[in-house]
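Structure assessment
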Amino acid sequence: MNTSSQPSSFGSARSVLLWSGIAVLCAWVLVPIYLVALGAFGGRGGVYQWPKTAFPAGVSFEPFLLFLKTEGVAGAFMNSLGAAAVTVVLSVLIGAPAGYALARYNFKGKDSFRLLVLLTRAFPLAILALPLTVSFIRIGLYDTIIGVGLVHTVLALPFAALVTQGIFMGVPRELEEAAWVFGCSRPQAFFRIVAPLALPGLAATAVFAFVISWNEVFAASVLTVRHRTLTAYLLTVLAESPLHYRFAGGLLLILPSVIFIFAVRRYLFAIWGISSK
């Protein structure tokens, strides 16, 4: 009996299974985006066309551009970008030092603190809606992008702290000690040695913070009236809009997240040791 072909057959089966799984995963992510794009670019006819085709006739940018020209959409889009920028910057600037402290220092109550940080994500935001509204009105943050960004930062910080903790634990302490020996101070060793090695984790933190802020709707709806984010604006406007306008709004919500993830993809790939140029 010839057994020499068994390893190659097993390897081929594993390869087929792997690529099949990748294809299914890509279809799971890309097909809904494609269908939303068809509804956004195809207008009313593209929404109700059945069966769907790969390259339907009558698809143009005009329905989507008409939606973008709707009053309030551009302002809401910029408000969402502003809130997301505040969330990303504060989540990284506050979460990374917290993660570094959890990774490098031992202190009393460390495990309890880590659990409390995680439990903050389980606290329902709806309970805080009224106190937050009253407090923001008193201090002048109500109906401002800064106020919305601060609330979104609170939602993203637990993930930022715990993810960066794991990233910093993966950076050998000996590298920092070697930098100290060669004359670097602790901040210099962090920025010259640790931070470059932790960039993939920081990029993942930034992506998560951006997506949380971009997709969040409850706090943005409660804490804004005139300066609404895109999600809050679409929630109030699109309920009475034609279906293809709703698809256009959905596509506008999807695109910035996809573009942001694509922009930092090489840092994300570095987490799994994948090279991307």
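An account of the accompanying structure is given in this report. (Residues numbered from 1 in each chain as written. Predicted model: local features only at pLDDT ≥ 70, side-chain atom pairs only at ≥ 80, totals over all residues. Heavy atoms only, no water.)

Now for the overall build of the protein. The helix and strand tally for the protein stands at 14 helices and 0 strands. Reading the protein from its N terminus to its C terminus gives the helix and strand order α-α-α-α-α-α-α-α-α-α-α-α-α-α. For the protein, the residues scored as buried account for 36% of the 277 residues in total. In the protein, once contacts between residues fewer than 6 apart in sequence are set aside, the share between residues at least 24 apart is 72%. Accessible surface for the protein amounts to roughly 16600 Å². Of this, 72% is attributable to carbon and sulfur atoms. (Helix = DSSP H or I, 4+ residues; strand = E, 2+ residues; numbered from the N terminus. Buried < 20%, exposed > 50% of the residue type's maximum accessible area, 1.4 Å probe, protein only. Contact = heavy atoms within 4.5 Å. Areas by Shrake-Rupley, 256 points an atom, 1.4 Å probe, with all protein chains shown as cover.)

Once that is clear, we can look at the pattern of salt bridges. Tallied over the full model, the rule gives 2 salt bridges. The partner of Arg104 in a salt bridge is Glu176, and the shortest N-O contact between them spans 2.6 Å. One end of the pair, Arg104, is in helix α4 (residues 73-104); the other, Glu176, is in helix α8 (residues 173-181), and 72 residues separate them in sequence. By the burial criterion, Arg104 is buried, and Glu176 matches it. The salt bridge partner of Arg226 is Asp143, with a shortest N-O separation of 3.5 Å. Separated by 83 residues along the polypeptide, Arg226 in the loop between α11 (218-222) and α12 (230-237) and Asp143 in the loop between α6 (129-139) and α7 (145-169) bring together distant segments of the chain. A relative accessible area of 70% means that Arg226 is categorised as exposed. (Salt bridge = Lys/Arg side-chain N within 4 Å of Asp/Glu carboxyl O.)

This part is about the layout of surface pockets. One water molecule sets the probe size; rolling that probe over the atoms shows where empty space is left. What the second largest pocket holds in volume is close to 240 Å³. Lining the second largest pocket are 13 residues; nearest its centre among them are Leu125, Leu128, Val151, Val154 and Leu155. Looking at the lining of the second largest pocket, the elements with two or more residues in it are α6 and α7. Residues of the lining of the second largest pocket, tallied by class, amount to 11 nonpolar, 1 polar and 1 charged. (1 Å grid on protein atoms, 1.4 Å probe; cavity = no way out; pocket = protein on both sides within 12 Å on 5 of 7 lines; lining within 4 Å. Points joined across faces, edges and corners; volume = space filled by probe spheres on them. Nonpolar A, V, L, I, M, F, W, Y, C, P; charged D, E, K, R; others polar.)

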